[in-house]
Amino acid sequence: MLLRWLVAVLLCLALPHTVLAATEIEISSPGEQSIPLGLTKFLPDQGVRSDRIADEFDEVLVADLDLSGLFRFVDPQSFLDDADRIGLFSTQVNFPQWRLLGAETLIKGTYHLDGDNLVVEGRLFDVVNRRLLTGRRYVGQSKDVRRMAHAFADLILKELTGEEGPFSSRIAYISNQTGDKELWLMDVDGKRPLRLTNHRSIVLNPDFSPRGKEILFTSYRANNPDLYRKEIYTGKEAKLSYKPGLNVAGRMSPDEREVALTLSKDGNPEIYLISTSGRIRKRITENWGIDSDPSWSPDGEKITFVSNRQGNPHLFIADIFTGKTVRLTTRGKYNATPAWGPKGDRIAFTRQEGGRFDIYTIKTDGTDERRLTFGPGNSEHPRWSPDGRFIIYSWDKDGNRAIYVMRADGTGSRRLTSLESDSRHPAWSPRW
Amino acid sequence: MKAIQFIKVSLVVLFLVSGMIGCSTTPPVSQDTVGQSDMSQQADAKAATGVTEDTMKEETVPTHAHMANMENIYFDFDQFTLSAEARKTLADNAMYLKTNSGTKVVVEGHCDERGSDEYNLALGESRALAAKNYLVSLGVSAKQLSVISYGEEKPAVMGANEAAWAKNRRAEFKAVH
């Protein structure tokens, strides 16, 4: 339904890849090298001219591609006349002109606006080898222009790196802008915020189901921290776990068959697995201390969580099947909010050092710890983008907490939500 | 906004301190003047260095007559163990609950704003449970007591400083009507 506008047509991929193998652009990770890109503003194709459409598409595409860290943009001021020519076939593009400007890749496109109907066609060219790399046509309405641009950005990353971008996904978060903490949903660039709950209570720690159809969250609506599930498209909502005491930090397993969560029904916060109908399947932890905040490994065989069983809060990893539990973090006195990365190799978390929280990542064997943020203020609640390229988090350097996004190496941080109210606890959806 | 609330809090604290000074400057006749001036100097010093919550708590709630709001207990950062002072307060609260066995109370566990929401929800729960279990050990009927954790969601005091945090790491006792 959400994608009803999208009739994506893969265009003109006739060129055989074999002859071009020698010129494939290799990218190992974002930020390590940058490709000079000429990004032209899309031009009207016969229909009505609309600077708003062209500008908005351009703004979204530039922001997404800039965040990726893969590109160095050729200054649009230096563009020559080919930037104003519509021709989208590789035979029509004046590649030497772009070569002259130092561009190795080129994006050109057109839009056709007829009433409210919008067709956008975008192409990515390899300037060096004078060929089309990929192209797509998006059909929808004028209000869909941002989604079209995000989808095109995803496609460009896929073409150049082999892995699709995450720009068409969404971010769930908690905001108090109505006066109560409610669940909200927004685009990955912070635009189009949408309130999902109206509990007028306290709504907390959202997380997406792995296929993205539902969001789990905790709410005090019934005067107890109960776990809810909500279908995003229908808005249908139900309590999933409502035992006396805590029903918090619910995280659905990768196969969507179980939910890991913290319950305190036995007089101590412990991690359990429950079925999707709320029945307890398994108890994962059993000790005097606090156990909370589970995060699944992508293969669904392990969870990482926080426990103070050895004194201070540290991260542990438990094997779901054998119950074998190992400690992951050894440094610091307060480590929390683990988020297992989608590639399985690293876990992001927060550590308090000098009275302040910053974000770190660590390999799952406890080696190669890296600090990503360096204050000021507290950076908390890291979550990975579905492709593992980016980390979203909350940061309170300006007083109120706001949602920020950065590359997984800690570079390129930018703010997504307003500073006028408090936004926190982001969760990144899977790809839609 | 935060600043205003902080000022309000500061004013309350100052008010309470001045109340204490008032008490200490109306001593029994037998007290000598040197002692008097020492005491007011102490109070002044406290006012100058920022007053801790403990100072106001002990002296400003005179009797158990108004125990519809039983006294809060406070915790150290990331701890749910009961301090000697917390146990003393709980003993008072237990006495009240035993003499008013019809009163039912929700023990609310709270944390300061630092740390993860999820961990703090668990920590708040552990604080509330520690308080409840201690009350039960003092002879309060478990049926009178229920617990709920609000984690860091309902701070008593706004502010990102130790004075505010110390007031927020607490368990509250609220009568259920």
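Coordinates for the structure precede this section.
Here's a quick rundown of the structure. (Residues numbered from 1 in each chain as written. Chains lettered and ligands numbered in written order. Predicted model: local features only at pLDDT ≥ 70, side-chain atom pairs only at ≥ 80, totals over all residues. Heavy atoms only, no water.)

1. What about the packing of aromatic side chains?
Line of reasoning, step 1. Taken as a whole and assessed by the stated rule, the structure comprises 19 aromatic pairs over all chains.
Line of reasoning, step 2. When the centroid spacing of 6.2 Å and the interplanar angle of 70 degrees are considered together, the rings of Phe42(A) and Phe152(A) count as edge-to-face. Separated by 110 residues along the polypeptide, Phe42(A) in the loop between strand S2 (35–39) and strand S3 (43–44) and Phe152(A) in helix H3 (residues 145–161) bring together distant segments of the chain.
Line of reasoning, step 3. Where Phe305(A) meets Phe316(A), the ring centres are 6.0 Å apart and the plane angle is 25 degrees; that geometry is what we call stacked. On the criterion of sequence distance, the pair formed by Phe305(A) in strand S20 (residues 302–307) and Phe316(A) in strand S21 (residues 314–319) is long-range, its members being 11 residues apart. Here Phe305(A) and Phe316(A) have matching classes, each one buried.
Line of reasoning, step 4. Taken together through their ring pairs, the aromatic side chains of Phe42(A), Phe57(A), Tyr138(A) and Phe152(A) make up a single cluster.
Line of reasoning, step 5. For the cation-ring pair, Arg351(A) lies above Tyr360(A), with the distance from its terminal atom to the ring centre recorded as 4.7 Å.
Line of reasoning, step 6. Above the face of the Trp165(B) ring, Arg114(B) is positioned so that its terminal group lies 3.9 Å from the ring centre. (Phe/Tyr/Trp six-rings, centres within 6.5 Å; stacked < 30°, edge-to-face > 60°. Helix = DSSP H or I, 4+ residues; strand = E, 2+ residues; numbered from the N terminus. Buried < 20%, exposed > 50% of the residue type's maximum accessible area, 1.4 Å probe, protein only. Lys NZ or Arg CZ within 6 Å of the ring centre and 35° of its normal.)

2. As for the layout of surface pockets
Line of reasoning, step 1. Estimated volume of the largest pocket: approximately 790 Å³.
Line of reasoning, step 2. Surrounding the largest pocket, 32 residues form its lining, Lys181(A), Asp422(A), Arg424(A), Pro155(B) and Met158(B) being those nearest its centre.
Line of reasoning, step 3. Put simply, the parts of the chain that give the lining of the largest pocket at least two residues each are strand S29 (400–407) of chain A together with helix H6 (162–168) of chain B.
Line of reasoning, step 4. Of the residues contributing to the lining of the largest pocket, the split by class is six nonpolar, 11 polar and 15 charged. (1 Å grid on protein atoms, 1.4 Å probe; cavity = no way out; pocket = protein on both sides within 12 Å on 5 of 7 lines; lining within 4 Å. Points joined across faces, edges and corners; volume = space filled by probe spheres on them. Nonpolar A, V, L, I, M, F, W, Y, C, P; charged D, E, K, R; others polar.)

3. Focus on the interface of chain A and chain B
Line of reasoning, step 1. Across the contact, 35 residues belong to chain A and 24 residues belong to chain B.
Line of reasoning, step 2. With both chains or domains summed, chain A and chain B bury close to 2,300 Å², and 58% of this area falls on carbon and sulfur atoms.
Line of reasoning, step 3. Among the residues chain A hides against chain B, the three largest losses belong to Tyr220(A), Ile290(A) and Tyr334(A). Together they make up 23% of the total.
Line of reasoning, step 4. Put simply, chain A and chain B have four salt bridges between them.
Line of reasoning, step 5. Between Lys181(A) and Glu153(B) there is a salt bridge, with its nearest N and O atoms 2.3 Å apart.
Line of reasoning, step 6. In this structure, the connection of chain A to chain B is made through nine residue pairs in polar contact (both at pLDDT 80 or more). (Contact = heavy atoms within 4.5 Å. Buried area = accessible area lost by both parts, 1.4 Å probe. Salt bridge = Lys/Arg side-chain N within 4 Å of Asp/Glu carboxyl O. Polar contact = N/O pair within 3.5 Å; in protein donor to acceptor, adjacent residues only side chain to side chain.)

4. Topic: unusual backbone geometry
Line of reasoning, step 1. In this chain, Gly375(A) is followed by Pro376(A) through a cis amide linkage whose omega measures -5 degrees.
Line of reasoning, step 2. Here Pro376(A) shows up in the loop between strand S26 (370–371) and strand S27 (379–384).
Line of reasoning, step 3. Phi is positive for Arg192(A), close to 55 degrees, though the residue is something other than glycine.
Line of reasoning, step 4. Tracing the backbone through its elements, the reader meets Arg192(A) in the loop between strand S9 (182–187) and strand S10 (194–195).
Line of reasoning, step 5. Not every positive phi belongs to a glycine, and Asp78(B) is a case in point at roughly 60 degrees.
Line of reasoning, step 6. A residue is classified by how much of its surface remains accessible, and Asp78(B), at 7% relative accessible area, is buried.

5. Some words on the pattern of salt bridges
Residue and element names in this part refer to chain A.
Line of reasoning, step 1. For the structure on display, the rule yields 53 salt bridges over all chains.
Line of reasoning, step 2. Where Glu256 meets Arg211, a salt bridge forms, and the shortest distance between an N and an O atom there is 3.0 Å. Of this pair, Glu256 sits in the loop between strand S15 (247–252) and strand S16 (258–263) while Arg211 sits in the loop between strand S11 (203–208) and strand S12 (214–219), and the two are 45 residues apart along the sequence.
Line of reasoning, step 3. Given a relative accessible area of 18%, Glu256 falls into the buried group.
Line of reasoning, step 4. Each of Arg52, Glu56, Glu59, Arg146 and Asp189 takes part in a single network of salt bridges with overlapping partners.

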